[in-house]
Amino acid sequence: MPAKKLTVVISQSQSKNPVHRDLEETLAAELMMGGEVDVSLVPHLYDMSHDHTGMLFLRSIPGDVLVLSWIYPRAARWVLDRAGVKGLEGVTLLRGEDEDDEEFDEEASAEESRGIGSAAPPNRKLYCLDLRTSSSAQPFLDEIRRIVSESSVRTVDLMSWIQGQPKPEQLQRYLNPLPVVNGNGSGPSAASEAEPESVKRRWYPVIDYSRCTNCMECIDFCLFGVYGIDTLDRILVEQQDNCKKGCPACSRVCPENAIMFPQHKSPAIAGAAGEVANLKIDLSQLFGAPSALEQAVVERDTELVNDGRDAVGMSIGIPRRVQPDTGEKDNLDRMLDDLDQLGL
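None of the values given here were measured: they were computed from a predicted structure.

Engineer: Is there a simple way to think about helix H5 (residues 138–150) in this case?
Structural biologist: Each turn of an α-helix holds 3.6 residues, which means side chains three or four residues apart point in the same direction. A rise of 1.5 Å per residue sets the reference length of H5, with its 13 residues, at 18 Å; its end C-alpha atoms lie 19 Å apart and thus fit the reference within 8%. Buried positions along H5 lie against strand E1 (6–11), helix H1 (18–34), strand E2 (37–42), strand E3 (65–69) and strand E5 (125–130).

Here it is as structure tokens:
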């Protein structure tokens, strides 16, 4: 009977930053020599296409899997989900210095009741850790060992299928992506025996279905053919590479902050936990800045003009929740009025 092992996948940094490489190599060496888990290396999670060898490997893992990547855990989970790497969200305790456990607990309970959720996830756990949380390997190793101690999933040793039994000298693979191998395991067992499958930096939206309510405002707003509808009439990112690099406009108009761009400089758009609903739109107006909707319209018009098309302004795809002022005030309006009276 195969040993019960958690599969740990280390997703490489986009750059060859020596600090990043050192952290990746230290983690891989410790985990490989420890023998408690199966270890695999793949290129940057966000950059792999759905048919990339690394993503095919991730889809082939039958049991629990833990992915360490250089993006927020929420973004990593839904990048994987869209690529068909599905599972129940595994609880992780490793947090960044600016992240509060209580905030995460409240966020999780709210998401369970708000979004439409992932379609038919298998009964296995999917854990995601952000490699930017610490420059030291030890916190990650401690958290992985904690998860291993709680895991009871029976998994198959897939390392022999993808790249041979892991050995410390295989750390050289960090300089190249996984080689292509045959599904029957007859492919090359060393990276030098096959041309590496390259990846390029990408930019596309990622939908968090734990927040998404299927309102379709994103497909109405986006004019570049990025979004589509699946067989269950659910919104999905259909044509990832139609997205315009650097443009996060659809994320700004999403009423539940369910759309992420993992490489964006703003944590709220990149997938940090704790940013929910309309707060990112409404609070900006307190300081006299353009609303998120106004900013999104400008960003969209810029890309339309760059494509040789006409700017459309507020005439197309404006969210249905944005209605002309009828004079009626809701609770948020009254709160803003109170703040105005305080001189804020």
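Additional details are given in the paragraphs that follow.
Engineer: Could you clarify how one ought to interpret H1 in this entry?
Structural biologist: Taking 1.5 Å of rise per residue, the 17 residues of H1 would be expected to cover 24 Å, and the 24 Å separating its terminal C-alpha atoms lies within 8% of that figure. Regarding H1, the residues found buried are Arg21, Leu23, Glu24, Leu27, Ala28, Ala29, Leu31 and Met32. In this structure, the buried residues of H1 make contact with E1, E2, E3 and H5. Put simply, Asn17 is the residue that caps the front of H1, since its side-chain oxygen is 2.8 Å from the backbone nitrogen of Val19.

Engineer: What exactly am I supposed to notice about the nonpolar core here?
Structural biologist: Soluble globular proteins: nonpolar side chains tend toward being buried together. Grouped together as the largest cluster of nonpolar side chains are 45 residues, with contacts concentrated most on Val9, Leu45, Leu58, Leu80, Tyr227, Ile235 and Phe261. Counting only elements with at least two residues in this core, the list comes to helix H2 (53–60), E3, helix H3 (73–82), E5, strand E6 (206–207), strand E8 (235–237) and strand E9 (259–260). It is H3 that provides the largest number of residues to this core, a total of five residues. The contact partners of Leu58, leaving out residues within four places of it in the chain, are Val9, Leu45, Met48, Val65, Val67, Leu80 and Val85. Among the nonpolar cores identified, the runner-up in size contains 23 residues, and Ile10, Val37, Leu66 and Leu94 belong to it.

Engineer: Looking at this structure, how should I read unusual backbone geometry?
Structural biologist: Leaving glycine aside, a negative phi is the common case for residues, and trans is the common case for peptide bonds. Of note, the phi angle at Asp233 is positive, near 60 degrees, even though the residue is not glycine. With respect to the secondary-structure elements, Asp233 resides in the loop between strand E7 (227–229) and E8. Look at Asp233 and you get exposed, because its relative accessible area is 54%. At Asn257, a position not held by glycine, the phi torsion is positive, near 50 degrees. Looking at the secondary structure, you find Asn257 in the loop between helix H8 (249–253) and E9. Residue Asn257 is classed as buried on the basis of its relative accessible area, which comes to 1%.

So, how was this worked out
- Residues numbered from 1 in each chain as written.
- Predicted model: local features only at pLDDT ≥ 70, side-chain atom pairs only at ≥ 80, totals over all residues.
- Heavy atoms only, no water.
- Helix = DSSP H or I, 4+ residues; strand = E, 2+ residues; numbered from the N terminus.
- Expected span 1.5 Å × (residues − 1).
- Contact = heavy atoms within 4.5 Å.
- Buried < 20%, exposed > 50% of the residue type's maximum accessible area, 1.4 Å probe, protein only.
- Polar contact = N/O pair within 3.5 Å; in protein donor to acceptor, adjacent residues only side chain to side chain.
- Core = buried A, V, L, I, M, F, W, Y, C linked by side-chain atoms within 4.5 Å.

Remember, this is a structural readout, not a statement about activity or role.
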